[in-house]
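Chain residues, written in single-letter form:
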Amino acid sequence: MVLLLGCFGASNLSASELAAETYRTYVSSTGEILLPQGFREDWSHLGSWLVDDPKAPGFGFHDVYTQPEAVKAFKNTGRFPDGTILIKEIRKIGSANLTTGSVQWAADNSVWFMMVKDTQQRFKGSSHWGEGWGWALFEASHPNINVSKGYADSCLGCHTSSRENDWVFLQGYPTLRKP
């Protein structure tokens, strides 16, 4: 497998160009999803979550990113266009008592959860593709290997309550709201 290091950067891709770029750069011809590099610097930050229960499957700080073109399209249509990538970076929780009080912050990376919008059903029969998305999970120790057992086993359980919103927790993403 080749890990592609490119990122879209600040471009003005149309919705169809977004899909072409995504499937050319971050998804192999067999449906293998690759984690983009540089997304934190070049993509739009949608919002943050804190799961503070150490027993919860998503324990940690969650920061979610997508391509700037996907934000623009979502604000115009209320839907994610084909080729949209959502990356949830989950970090461990750091904490200390400082002069400002008891504080918590996002510490070292734990995992990256990634979804790729697929309105064309490109990879029917793949365990990582379904419900209109490609699904992947990458551990900090191996960011180039999708460790998901498949979206039905590794992903849908957490996303069931967001089914009405295309499996996405929109309430945590102020960047997608119109001013």
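Residues numbered from 1 in each chain as written. Predicted model: local features only at pLDDT ≥ 70, side-chain atom pairs only at ≥ 80, totals over all residues. Heavy atoms only, no water.

Here's the deal with the overall build of the protein
Broken down by element type, the protein carries 5 helices and 7 strands. What you see in the protein, going N to C, is helices and strands ordered as α-α-β-β-α-β-β-β-β-β-α-α. Against the globule reference of 16 Å for 179 residues, the protein gives a C-alpha radius of gyration of 16 Å, in line with a compact fold. In terms of principal-axis extent, the alpha carbons of the protein reach across some 50 × 40 × 35 Å. The burial tally for the protein puts 44% of its 179 residues in the buried class. Across the protein, the fraction of contacts at a sequence separation of at least 24, relative to all contacts at a separation of at least 6, is 58%. For the protein, the exposed surface amounts to about 9600 Å²; the carbon and sulfur share of it is 51%. Taking the average location of the 16 positive side-chain charges in the protein and that of its 18 negative ones, the two points are 4 Å from each other. (Helix = DSSP H or I, 4+ residues; strand = E, 2+ residues; numbered from the N terminus. Rg over C-alpha atoms; globule rule 2.2 N^0.38 Å. Buried < 20%, exposed > 50% of the residue type's maximum accessible area, 1.4 Å probe, protein only. Contact = heavy atoms within 4.5 Å. Areas by Shrake-Rupley, 256 points an atom, 1.4 Å probe, with all protein chains shown as cover. Lys, Arg positive; Asp, Glu negative; His and termini not counted. Charge placed at Lys NZ, Arg CZ, Asp CG, Glu CD.)

A look at unusual backbone geometry
Look at Gln121: it is not a glycine, yet its phi comes out positive at around 50°. Checked against the element boundaries, Gln121 lands in the loop between strand 4 (101–117) and strand 5 (129–130).

What about the environment of Leu86?
Positionally, Leu86 belongs in strand 3 (residues 85–98). With relative accessibility at 5%, the residue Leu86 sits in the buried group. In this structure Leu86 touches Leu46, Tyr65, Thr66, Phe80, Phe113, Met114, Met115, Trp133 and Val168, once residues within four positions along its chain are discounted.

Examining the side chain of Asp63
Relative to the elements of secondary structure, Asp63 occurs in strand 2 (residues 60–66). Of the side chains with opposite charge, Arg91 lies nearest to the buried Asp63, which makes no salt bridge, at 4.9 Å. Those residues within four positions of Asp63 in sequence are excluded, and the remaining contacts are His45, Gly47, Ser48, Ile87, Lys88 and Glu89. (Salt bridge = Lys/Arg side-chain N within 4 Å of Asp/Glu carboxyl O.)

Some words on the pairing of strand 3
Of the pairings in the sheet, the one linking strand 2 to strand 3 comprises 5 bridges and is antiparallel in character. Among the inter-strand pairings, Tyr65 is bridged to a residue of strand 3, identified as Ile87. In this sheet, strand 4 lies alongside strand 3 in antiparallel orientation, the contact comprising 13 bridges. Following the sheet pairing, Ile90 is matched in strand 4 by Val111. Here strand 3 folds back onto strand 4 in antiparallel fashion, the turn holding 2 residues. (Pairing = 2+ DSSP bridges.)

Looking at the packing of aromatic side chains
Enumeration over the complete set of coordinates arrives at 11 aromatic pairs. Plain terms: the ring middles of Trp49 and Tyr173 are 6.3 Å apart, the flat faces sit at 85° to each other, and that makes the pair edge-to-face. Of this pair, Trp49 sits in strand 1 (residues 44–51) while Tyr173 is found in the segment after helix 5 (156–159), placing the two residues 124 residues apart along the sequence. The class for Trp49 is partly exposed, based on a relative accessible area of 24%. Residues Phe123 and Trp129 carry aromatic rings whose centres are separated by 4.7 Å and whose planes lie at 45° to one another, so their mutual orientation is tilted. Of the two residues examined, Phe123 and Trp129, each falls in the buried class. One Lys or Arg, Arg122, reaches over the ring of Tyr23 and ends 3.7 Å from the middle of that ring. (Phe/Tyr/Trp six-rings, centres within 6.5 Å; stacked < 30°, edge-to-face > 60°. Lys NZ or Arg CZ within 6 Å of the ring centre and 35° of its normal.)

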